[in-house]
There are 2 protein chains.
Amino acid sequence: MALRYAILGLLTKKPSTGYELNQQFKETMIHFWSAHHTQIYRELIKLEEEEWVSSVIYPQEDSPDKKVYSIEDKGREELLKWLLNYKVEPPKLKDQQLLRVSMFHLIDPDDAIRFLEQSKEHHRIGVHHMNVWQQTQYPTDEDKKAALGEYFTSEFGKRYMKSWIDWCDWAIRVLEELKDEGN
Amino acid sequence: MALRYAILGLLTKKPSTGYELNQQFKETMIHFWSAHHTQIYRELIKLEEEEWVSSVIYPQEDSPDKKVYSIEDKGREELLKWLLNYKVEPPKLKDQQLLRVSMFHLIDPDDAIRFLEQSKEHHRIGVHHMNVWQQTQYPTDEDKKAALGEYFTSEFGKRYMKSWIDWCDWAIRVLEELKDEGN
DNA sequence: GGTGTATATGTGTAAAAGCACATATACACC
DNA sequence: GGTGTATATGTGCTTTTACACATATACACC
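Presented here is a report on the structure given in the accompanying data block. Just so it is clear, the structure is predicted and the values come from calculations on it, not from any experiment. (Residues numbered from 1 in each chain as written. Chains lettered and ligands numbered in written order. Predicted model: local features only at pLDDT ≥ 70, side-chain atom pairs only at ≥ 80, totals over all residues. Heavy atoms only, no water.)

What follows is about the relation of the copies chain A and chain B. Note on the identical chains: chain A maps onto chain B by a rotation of 180° and an axial translation of 0.0 Å, with an RMSD of 0.1 Å. In short, the pair behaves as if placed about a two-fold rotation axis. Among all C-alpha atoms of chain A, that of Leu93(A) lies closest to the rotation axis, at 2.1 Å. Interface overlap between copies: 100% of the residues of chain A at the interface are likewise at the interface in chain B, consistent with a symmetric, same-surface contact. (Least-squares fit on C-alpha atoms with pLDDT ≥ 70 in both. Contact = heavy atoms within 4.5 Å.)

Printed below as a string of structure tokens:
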């Protein structure tokens, strides 16, 4: 039920196609929300039926037609209602990497270390991507107020990935020590 | 499809009832996996049909009968297969708190600050709970190897919550500065 | 005496999410 | 000439997850 609010939130910034919304889910919202593109297209259809958004089709020559969605008054109203009527809810997450970490008692310490090295590398690349993104997309001082959300959540994502890397280093150290004790 | 492996992972530590598994999901796995209790009971039934686990019913006098599940060879085998055949997959998450943060451009800075203060308090309580848990449940040096998973993931959860709190402080500072500039 | 919480296990049904596949064009790379 | 990627929007179907509710006992608190 919250996916619709995620979509509406993006549409308050600028009218977008389903394709563009999906890009933004993958780029800027990756650290707190995931959605499949088919889910986004279907939710947009529902939102239009309920008149929370409207769409205009722009024919294109060298690629398929674009369907650009805009938020309507009803949508803006409902979004604000949802935004201000909150209770602190814990996030719902499924992290296969940490799930595997939780079973490290079943595998060889060397395999565990290899796993953590890969995970660390993955997050190192993530931090790099974030730096690239920030250099091109980061809100400047003038429009910081208009892009506060992106400013805050991208910083969160960066800190999250950095603390992942630190945690990996710590866990690898613990495993190395355990190996030494074993000798 | 991964829920079953989460359940199997817990059952490698000790035979448990669905109720106990649900407790552990809420206590120690909260930082990387969420599951509803009805989902756990249904998955256990499927796992037993496929003979990955088995169950024994213990009648009780002062509360309903217990159904204690144990992992079978087939389950242990499949778990290890899954554990070692991985590709690094990004986590799937739905965090309503960060989703609301991403829409801070729509609300009053004072409302945003209040929101972050509540969120911070929530994570402060989380760190406190973690400290209490660690004092009673934390693996000691002797059985650290047997409880490596809990040792690593609880440390991850603690670091995660602490970095949430730091990030809240940072974001509140940014908002205060923006307010001052507005005057 | 009622309310809330804890123990313990479910069913029925709805909503959310994901997978495989479909269509159509174009540009880059080997 | 084939493969992969990017643009752009979907359908059909399955799996996963969640919600409301059901049952039964006991203990604490007001």
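This is not the end of the story, as more comes after the structure.
A few words now on the interface of chain A and chain B. Taken residue by residue, the interface counts 62 residues in chain A and 63 residues in chain B. Three residues stand out in chain A for area buried against chain B, namely Lys94(A), Arg100(A) and Phe152(A), and they jointly supply 10% of the buried area on that side. Where chain A meets chain B, there are 0 salt bridges. Those elements that provide at least two residues to the side of chain A that touches chain B are α1 (3-11), α4 (73-84), β3 (92-94), α5 (96-101), α6 (109-137) and α7 (148-182) of chain A. Per element, the largest residue contribution to the side of chain A that touches chain B is 18 residues, and it comes from α7(A). The sheet contact formed by β3(A) and strand β3 (residues 92-94) of chain B spans 3 bridges and is antiparallel. In the sheet register, Lys94(A) faces β3(B), and the bridge partner there is Lys92(B). (Buried area = accessible area lost by both parts, 1.4 Å probe. Salt bridge = Lys/Arg side-chain N within 4 Å of Asp/Glu carboxyl O. Helix = DSSP H or I, 4+ residues; strand = E, 2+ residues; numbered from the N terminus. Pairing = 2+ DSSP bridges.)

On to the protein's contact with DNA strand C. Taken together, 24 residues form the shell around DNA strand C, and within it Gln39(A), Tyr19(B), Arg42(B), Lys67(B) and Lys94(B) come nearest. For DNA strand C, the backbone portion of the atoms within 4 Å of the protein, that is sugar and phosphate, comes to 58%. His37(B) places a polar side-chain atom, nitrogen or oxygen, 3.2 Å from a base oxygen of DNA strand C. A distance of 2.8 Å separates a phosphate oxygen of DNA strand C from a polar atom in the backbone of Lys67(B). Those elements that provide at least two residues to the surface near DNA strand C are α3 (37-49) of chain A together with α2 (18-27), α3 (37-49), β2 (66-71) and β3 of chain B. Looking at side-chain class alone, the surface near DNA strand C contains 6 nonpolar, 9 polar and 9 charged residues. (Near = heavy atom within 4 Å. Polar contact = N/O pair within 3.5 Å; in protein donor to acceptor, adjacent residues only side chain to side chain. Nonpolar A, V, L, I, M, F, W, Y, C, P; charged D, E, K, R; others polar.)

The subject of this paragraph is the packing of aromatic side chains. Under the counting rule described, the total for this entry stands at 25 aromatic pairs over all chains. Taking 6.4 Å as the distance between ring centres and 85° as the angle between the ring planes, the aromatic pair formed by Tyr160(A) and Phe156(B) counts as edge-to-face. Of the two residues, Tyr160(A) sits in helix α7 while Phe156(B) sits in helix α7 (residues 148-182), which places them in two different chains. We note that Tyr160(A), like Phe156(B), is buried. A centroid spacing of 5.5 Å and a plane angle of 75° characterise the contact between Trp170(A) and Phe152(B), whose relative ring orientation is edge-to-face. Taken together, the residues Trp170(A) in helix α7 and Phe152(B) in helix α7 connect one chain to another. As far as the burial class goes, Trp170(A) and Phe152(B) line up, both buried. Members of the aromatic cluster, joined through ring pairs, are Phe156(A), Tyr160(A), Trp164(A), Trp167(A), Phe156(B), Tyr160(B), Trp164(B) and Trp167(B). The ring centre of Trp52(A) lies 4.8 Å from the NZ or CZ of Arg4(A), which sits over that ring. Taking the ring centre of Trp82(A) as reference, the NZ or CZ of Arg100(B) above it sits at 3.9 Å. (Phe/Tyr/Trp six-rings, centres within 6.5 Å; stacked < 30°, edge-to-face > 60°. Buried < 20%, exposed > 50% of the residue type's maximum accessible area, 1.4 Å probe, protein only. Lys NZ or Arg CZ within 6 Å of the ring centre and 35° of its normal.)

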